[in-house]
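Topology and contacts: notes
The lines below spell out each chain.
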Amino acid sequence: MGRRNRQSFSEMPLRKKYYESAMSVDRFSEHSLHGNYLNDTDSNMCKDCMSRIPYATLIATIMCCIGVGVFCGTMYRGATLVSLMISDVFHIKRLWLEAIKMIFAVIGASMAALGFMILCVGCLATGATRTKVYRAWRTRVGGRISCAFFMTITYILQIFWTLIFAFLVIATFVFHNFCKMCDNPRVKTFDQCIDFTQFNFMFPNGTREEDMKVCGQQEVKLFCKDYSEPAILMFILATIATILVLLSLVHFLMCLSANYAHIRDHEKFQELQEMQYLQENVAPDSPQPGMGTLRGKDRF
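The present account deals with the structure reproduced in this document. (Residues numbered from 1 in each chain as written. Predicted model: local features only at pLDDT ≥ 70, side-chain atom pairs only at ≥ 80, totals over all residues. Heavy atoms only, no water.)

1. Structural notes on unusual backbone geometry
To keep it simple, the criterion reads: Elements are defined by DSSP. Helices are runs of H or I of four residues or more, strands are runs of E of two residues or more, and each kind is numbered from the N terminus. Relative accessible area decides the class of each residue, using a 1.4 Å probe on protein chains only: under 20% of the type maximum gives buried, over 50% gives exposed, and in between gives partly exposed.
Despite not being glycine, His-91 has its phi angle at roughly 60°, a positive value. Tracing the backbone shows His-91 in the loop between α5 (55–88) and α6 (96–124). Residue class for His-91 comes out partly exposed when judged on its relative accessible area of 44%.

Structure follows, in structure tokens:
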């Protein structure tokens, strides 16, 4: 009788399946969480790699890089044109305009670095990479802190770029009025000067009155054709690029918020996934119904 019980016990499917399987039910096991990945072919390896890419953050990074690149290029050219206009037409020397052009280069490099750092955070919080990186409690806390930090920086930058957008709208409006002044038929025939004396408060102290007027064929050509018309095009492109940067920053905020939630709830999702794995791998013809599932849950 005892021999027969030992024989039936050794033939139980649950036991046989358990000892022949190389999978572990440990909560941090690659087999339990990614068993299909380990048994699949190279095509599934490619799918797994694709699932690790944070597409939303990648799109936001591309938008940010394109917007910042166009903004820096157009504003550098626009600042150069404004500097030449002030120097050649109004005969005013402003050295701080040269420093502004360097600021645009710094802004471009900083925004590109920020975009790639946020992209790295998104990669760490996506797919199977999140399972490997954020296992321990300390790493999850660090991931949440990094997401919160970049969310704060992104929010501050959004306010900063909103102010830049407002400035560019005003600059575009001003140069649009300059172009309208140049379209005056009397100005085109050089019979009338473009008078800025009513805006003398915008000129430095000691500026001569004749320097506030654009007269003569040479000065009108410089002011209208050489500087104002190209400058307004640069400012329009810079305004569009600023809108693109603002959209990318909003996209970054959404992605960082989602990554924060994923990292925070990662342990809960992992426990639910492991529980489902244990329940699905219980033999339906166990000699004591429900005992296999209970043992799996107790072990978990």
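Here the narrative resumes, following the displayed structure.
2. Side note on α6
Note the cut-off: In this analysis, the expected span of each helix is defined as 1.5 Å times one less than the number of residues it contains. Contact between two residues is taken to exist if any of their heavy atoms lie within 4.5 Å; hydrogens are not considered.
With 29 residues, α6 should reach 42 Å at 1.5 Å per residue; the first-to-last C-alpha distance of 42 Å fits that figure. Of all the positions in α6, only Leu-97, Lys-101, Phe-104, Ile-107, Gly-108, Met-111, Leu-114, Gly-115, Ile-118, Leu-119, Val-121 and Gly-122 are classed as buried. Turning to α6, the residues buried within the fold contact α5, α8 (137–182) and α10 (216–264).

3. Regarding the packing of aromatic side chains
Applied cut-off: Aromatic pairs are defined between Phe, Tyr and Trp rings, using the six-membered ring for Trp, whenever the two ring centres lie within 6.5 Å; interplanar angles under 30 degrees are classed as stacked, those over 60 as edge-to-face, and all others as tilted.
The tally for this structure, following the rule as stated, stands at 13 aromatic pairs. With 5.9 Å between their ring centres and 85° between their planes, Phe-71 and Phe-104 make a pair best called edge-to-face. Taken together, the residues span a long stretch of sequence, with Phe-71 in helix α5 and Phe-104 in helix α6 at a distance of 33 residues. Seen in terms of ring centroids, Phe-90 and Phe-223 are 6.2 Å apart; in terms of plane orientation they differ by 90°. Their pairing is edge-to-face. Taken together, the positions of Phe-90 in the loop between α5 and α6 and Phe-223 in helix α10 put the pair 133 residues apart, joining distant regions of the chain.

4. Some thoughts on the nonpolar core
Worth spelling out the cut-off: To form a nonpolar core, buried Ala, Val, Leu, Ile, Met, Phe, Trp, Tyr and Cys residues must be joined to one another through side-chain atoms within 4.5 Å.
Core analysis: the biggest nonpolar cluster contains 55 residues, and Phe-71, Phe-90, Met-111, Trp-161 and Phe-223 have the highest contact counts within it. Mapped onto this core, the elements with two or more residues apiece are α5, α6, α8 and α10. The biggest single contributor to this core is α10, with 17 residues. Excluding residues that lie within four positions of it along the chain, Trp-161 makes contacts with Val-68, Phe-71, Ile-107, Met-111, Thr-242, Val-245, Leu-246 and Leu-249.

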